[in-house]
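Here is how the chains run, residue by residue.
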Amino acid sequence: QKSDVILQYLRPRKKFPSVWCAGCGNGIVMSALLRAVDRLAIPKDNVVMVSGIGCTSRMPVYLDFNSQHTAHGRALAFATGAKFAQPHMKVIVITGDGDALAIGGNHFIHACRRNIDITCILINNHIYGMTGGQGSPTTPAGAFSSTTPYGNVEKQFDPCTLAIAAGASFVGRHTVHHTAPLEKMIMQAIEH
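Basis of the calculations
Residues numbered from 1 in each chain as written. Predicted model: local features only at pLDDT ≥ 70, side-chain atom pairs only at ≥ 80, totals over all residues. Heavy atoms only, no water. Phe/Tyr/Trp six-rings, centres within 6.5 Å; stacked < 30°, edge-to-face > 60°. Helix = DSSP H or I, 4+ residues; strand = E, 2+ residues; numbered from the N terminus. Buried < 20%, exposed > 50% of the residue type's maximum accessible area, 1.4 Å probe, protein only. Pairing = 2+ DSSP bridges. Axes fitted to C-alpha atoms, helices over the stretch in contact; angles between N-to-C directions.

Examining the packing of aromatic side chains
No. 1: Scanning the model with the defined rule gives two aromatic pairs in all.
No. 2: Both rings, one in Tyr 9 and one in Phe 65, keep their centres 5.8 Å apart while their planes meet at 50°; by these two values the pair is tilted. Taken together, the positions of Tyr 9 in the loop between helix H1 (2–7) and helix H2 (26–39) and Phe 65 in the loop between helix H3 (59–62) and strand S2 (66–69) put the pair 56 residues apart, joining distant regions of the chain.
No. 3: Judged by relative accessible area, which is 4%, Tyr 9 ranks as buried.
No. 4: Judged by its relative accessible area of 5%, Phe 65 is buried.

Overview of the sheet that holds strand S3 (residues 90–96)
No. 1: In spatial order, the strands read S2-S1-S3-S4; together these four strands make up an open sheet with parallel pairing. Bordering the open sheet on either side are S2 and strand S4 (118–123), each of which pairs with just one other strand. Here the average twist between neighbouring strands, direction ignored, is 20°.
No. 2: Sheet topology places strand S1 (residues 47–51) next to S2; four bridges connect them, and they run parallel. Pairing of Ser 51 across the sheet is with His 69, part of S2.

Notes on the pairing of S4
No. 1: Along S4, the buried face is formed by Thr 119, Ile 121 and Ile 123; none of Ile 118, Cys 120 and Leu 122, which line the opposite face, is buried.
No. 2: As paired strands, S3 and S4 are joined by six bridges and run parallel to one another. Each bridged residue has a counterpart across the sheet, and for Ile 92 the counterpart in S4 is Thr 119.

Next comes the structure, spelled out in structure tokens:
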């Protein structure tokens, strides 16, 4: 029955498996998101999913929602426009740590500050995965990557602390290891 819930939200004739690497949590987050939308009984036509560039931002390609696959780091700016144009819609941004906190960092801060009823799901894998494993703003200090071969010398961003400091009215953090609580948290975020 759970697979039936997922299947009704996938775009027809989309090629699977996905572009995500084995072991990546993006598929788990996608499943939790779809179950949350289903449990909230939100019609597919009332959802706008917006993404930028990166591994995580490929998610709207697979999902049968209104979607915008936008420029790198600009998902929250596009989502703001979508929410202003269609305030009755549930606008969900799916983004990664590189997309939201590097090139899109300023948009992230101001989206948190504005609190205009957008749900931002930021999947933090601590690295730029799609382009070769470079360090991201959330790469832990001392971690090795293709751009930090001797260990990262910079302190990592904490996205939740940044969101709280910027004024976000709902901030949650979860792991893909615990799917039921992840789904519940996504439901709370969408309803907030």
